[in-house]
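# Tertiary structure, described
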Amino acid sequence: MSNIVIVGAQWGDEGKAKVVDYLTEFCDLIVRYQGGANAGHTVIVKGEKFVFHLVPSGIVYPAKICVVGSGVVFDAEQFLKEIDELAGRGVDVTGRLFVSDCAHLVFPFHRQMDGAAETSASSDNKIGTTGRGIGPAYSDKALRCGIRVGDLTDWDYFAQKLSQSCAQHSRLLETYYSVKMTDTAEALCERYRAIRARLLPFITDTSQFIYASLYKGKQILFEGAQGSMLDIDHGTYPFVTSSNTIAGGACTGAGVGPTMIRAVVGIVKAYTTRVGNGPFPTELSDSVGETLRKKGGEFGATTGRPRRCGWFDSVVLRKSVELNGLTHLALTKLDVLSNFSEVKICSHYEVDGKRLEHFPSNLQVLGRAKPIYETLPGWNDDLTACKSLGQLPTNAITFINRLQKLCHGIPLLMVSVGPERSQTIEVTSL
Ligand code: GDP
Ligand code: IMO
Ligand code: MG
């Protein structure tokens, strides 16, 4: 094993957390490096289901160390709720969960701004955010008026900054959206006094901590959130999230150099889903899309929204291979494709009568892209008990081989055939 980055290769919800949980056994440290509580990461172990928004998915393994890195926008109330839930289920995080002092805080007024911006946008401009305050919190960070987790160590300084920020956001909410801020500065300060007391033990210079761990030869797994097509720079802008979701985000978000990373695993669903708005060339608005949603349980782990579903899109994947420098693919939810008489893979697009092999950055072009499919024979076998590639039906193997070939031939690390940790077929080792 070597230090590994796990990234979503599509539009999120590829099953990253399942793979993170599976690989955690072989790692020492699991680091979230970007995004925030917009993530919904599901881990299922022996029938027990955990959904994480901020706490790294590796926490389920006893004794593994988990880090929330500097690039994360950190909703302290959500974090405390998560660790309380974990404690209630017998998962002790004491001494093995750390939060970066450089991570920016997400406050209730950020969530309010997020909601107000979405409500006031015209239907064409609504992004369909998770409402978790992600965009406004990253905006404050870029504007250099954000408040960081480390600011909590000096109460007077923090309280003054929070009062200023409340005044500023209250003006913004009233001026732009004619909305009154829900919390007064005083009430929020009081709430944060209690939050601070609980949070102080977790606050750490995590970049230094990660480097020291690397130096000691510890294995690190960087857990990405969202998906490559939601990257702020390279995704389907403006229908994206507000962070760098691609592998490079692990370096900036965790505070490590690129030389520390040896493998980048792209998590790839055997079909495609998207939550929220924005172009989605292989989207199926028919009964096939509905069947995928039902069989795949495609409802958001954060918002419960139904996910839009469609066939596998190799144009998206080729873009993802390039953006992330993927060294391996982990194919998930292959079991969901059982019982279709035929399965389809989009090999390329057709735009204005021309063949297009590459994912276009221009949204208007993408909006006109017509998916061109290769149709392969389906299979009726239940895959969920398969333990090796050899146990998969021939047609499923043909599907995997074709998919892989269309994705620049990147080697397969594993195939996931069910949500349980044990429902995993190892193909190669890292
Ligand atoms: P993430 O955000 O990428 O971690 O993915 P989510 O947790 O939001 O969504 C993935 C969903 O698919 C979760 O409900 C998982 O339990 C489930 N899942 C993961 N891998 C598989 C698989 O191979 N087969 C099936 N049927 N479900 C899976
Ligand atoms: P995980 O880590 C899927 C989507 C939202 C919306 C857009 C912007 O579970 O894969 P935001 O709240 O980030 O400002 O919303 O990004 N989105 C996700 N879609 N999985 C996620 O996370 C997502 N996080 C954000 O639906 O379209
Ligand atoms: Mg998710």
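Scroll up for the structure.
Just so it is clear, the model here is predicted, and its values are computed rather than measured.

Surrounding ligand 2, one finds 20 residues, the nearest of these being Lys16, His41, Thr130, Gln226 and Thr241. Side-chain polar atom of Lys16 to an oxygen atom of ligand 2: 2.6 Å apart, as the coordinates give it. Here an oxygen atom of ligand 2 and a backbone polar atom of Gly40 are 2.9 Å apart. In isolation ligand 2 has 540 Å² of accessible area, and contact with the protein removes 97% of it. Looking at the shell around ligand 2, its residues break down into seven nonpolar, ten polar and three charged. Both domains that furnish three or more residues to the shell around ligand 2 are identified here as domain 1 (4–95 + 205–426) and domain 2 (104–202).

Turning our attention to the site of ligand 1. Inspection of the region around ligand 1 gives 19 residues, with Lys16, Gly40, Thr42, Asp335 and Ser416 positioned closest. Within the backbone of Lys16, an N or O atom sits 2.8 Å from an oxygen atom of ligand 1. Within the backbone of Ala17, one N or O atom sits 2.9 Å away from an oxygen atom of ligand 1. A total of 580 Å² of accessible area belongs to ligand 1 in isolation, and the protein chains cover 92% of it. Of all the secondary structure elements, the ones that give two or more residues to the shell around ligand 1 are α1 (16–24) and β3 (41–45).

Let us look at the coordination of the magnesium ion (ligand 3). In this structure, Asp13 (OD) and Gly40 (O) serve as the protein donors to the magnesium ion (ligand 3), at separations of 2.0 to 2.2 Å. Remark: Gly40 occurs in the loop between β2 (29–32) and β3 and Asp13 occurs in the loop between β1 (4–8) and α1; sequence separation between them is 27 residues. Given the relative accessible area of 21%, Asp13 is considered partly exposed. By relative accessible area, which is 14% here, Gly40 ends up buried.

Thresholds applied
- Residues numbered from 1 in each chain as written.
- Chains lettered and ligands numbered in written order.
- Predicted model: local features only at pLDDT ≥ 70, side-chain atom pairs only at ≥ 80, totals over all residues.
- Heavy atoms only, no water.
- Near = heavy atom within 4 Å.
- Polar contact = N/O pair within 3.5 Å; in protein donor to acceptor, adjacent residues only side chain to side chain.
- Areas by Shrake-Rupley, 256 points an atom, 1.4 Å probe, with all protein chains shown as cover.
- Nonpolar A, V, L, I, M, F, W, Y, C, P; charged D, E, K, R; others polar.
- Domains from an automatic or database assignment.
- Helix = DSSP H or I, 4+ residues; strand = E, 2+ residues; numbered from the N terminus.
- Donors = N, O, S within 2.8 Å, 3.2 Å for Na, K, Ca; no water.
- Buried < 20%, exposed > 50% of the residue type's maximum accessible area, 1.4 Å probe, protein only.

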